[in-house]
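Coordinate inspection notes
Letter by letter, the chains look like this.
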Amino acid sequence: MNILVILIPASLILGGLGLLAFLWSLRANQYEDLDGDAWRILSDDDQPPAAD
């Protein structure tokens, strides 16, 4: 039973760190252009990117 005194705060701290990392990634626009990277990897490097 004494181990719960350590495990519960540890799990709350780790969960909070994960939430903070997720919120940071939202603020840093990490999810802004999900399709762009997928298409960019398939494009040929010899050709200049098409102008939108």
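Throughout what follows, the structure given in this document is the object of discussion. Keep in mind the model is a prediction, meaning the values are calculated, not measured.

A word on the overall build of the protein chain. Regarding its fold elements, the protein chain presents 2 helices and 0 strands. For the protein chain, the proportion of its 52 residues judged to be buried stands at 4%. Of the roughly 5,200 Å² of accessible surface on the protein chain, 65% is carried by carbon and sulfur atoms.

Structurally, Ser25 can be placed in helix α1 (residues 4-27). Overall, the relative accessible area of 8% leaves Ser25 in the buried class. Here the side chain of Ser25 touches Phe22 through a polar contact of 2.6 Å, landing on its backbone oxygen. If we skip the residues at most four places from it in the chain, Ser25 touches Gln30 and Tyr31.

Attention now goes to the packing of aromatic side chains. To describe a pair of aromatic rings, you give the distance between the ring centres and the angle between the ring planes. Inspection of every chain in the model, using the stated rule, returns 1 aromatic pair. With 6.2 Å between their ring centres and 45° between their planes, Phe22 and Tyr31 make a pair best called tilted. A relative accessible area of 41% means that Phe22 is categorised as partly exposed.

Turning to a nonpolar patch on the surface, a few remarks are in order. Among the surface-exposed residues, Ile13, Leu14, Leu17, Leu19, Leu20, Phe22, Leu23, Leu26, Tyr31 and Leu34 lie close enough to one another that they form a single nonpolar patch of about 1,000 Å² accessible area. Considering every element that reaches the nonpolar patch, the biggest residue donor is α1, with 8 residues. Examined against the element boundaries, Leu14 turns out to sit in helix α1.

Reading the values: the criteria
Residue numbers run consecutively from 1 along every chain, following the written order of its sequence. Local features in this predicted model are restricted to residues of pLDDT 70 or higher, and side-chain atom pairs are both shown and tallied only at a pLDDT of 80 or more, whereas totals for entire chains, interfaces and linings draw on every residue. Only heavy atoms go into the side-chain values, all of them from the structure, while hydrogens and water stay out. Only DSSP runs of H or I with at least four residues qualify as helices, and only runs of E with at least two residues qualify as strands; both kinds are numbered from the N terminus onward. Relative accessible area decides the class of each residue, using a 1.4 Å probe on protein chains only: under 20% of the type maximum gives buried, over 50% gives exposed, and in between gives partly exposed. Areas reported here follow the Shrake-Rupley algorithm with a probe of radius 1.4 Å; residue values treat only the protein chains shown as occluding. Between N or O atoms, a polar contact is any pair within 3.5 Å; within protein, one atom must be a potential hydrogen donor and the other a potential acceptor, and residues adjacent in sequence are included only when both atoms are from side chains. It only takes one pair of heavy atoms within 4.5 Å for two residues to be counted as in contact. Centres within 6.5 Å are what make two rings of Phe, Tyr or Trp a pair, Trp counting through its six-membered ring; a difference in plane orientation under 30 degrees is then read as stacked, over 60 as edge-to-face, and the rest as tilted. Residues forming no salt bridge and having over 30% relative accessible area are the ones grouped into patches, like charges within 9 Å of each other and nonpolar side chains (Val, Leu, Ile, Met, Phe, Trp, Tyr) within 5 Å. A carboxyl oxygen of Asp or Glu within 4 Å of a side-chain nitrogen of Lys or Arg is what we treat as a salt bridge.

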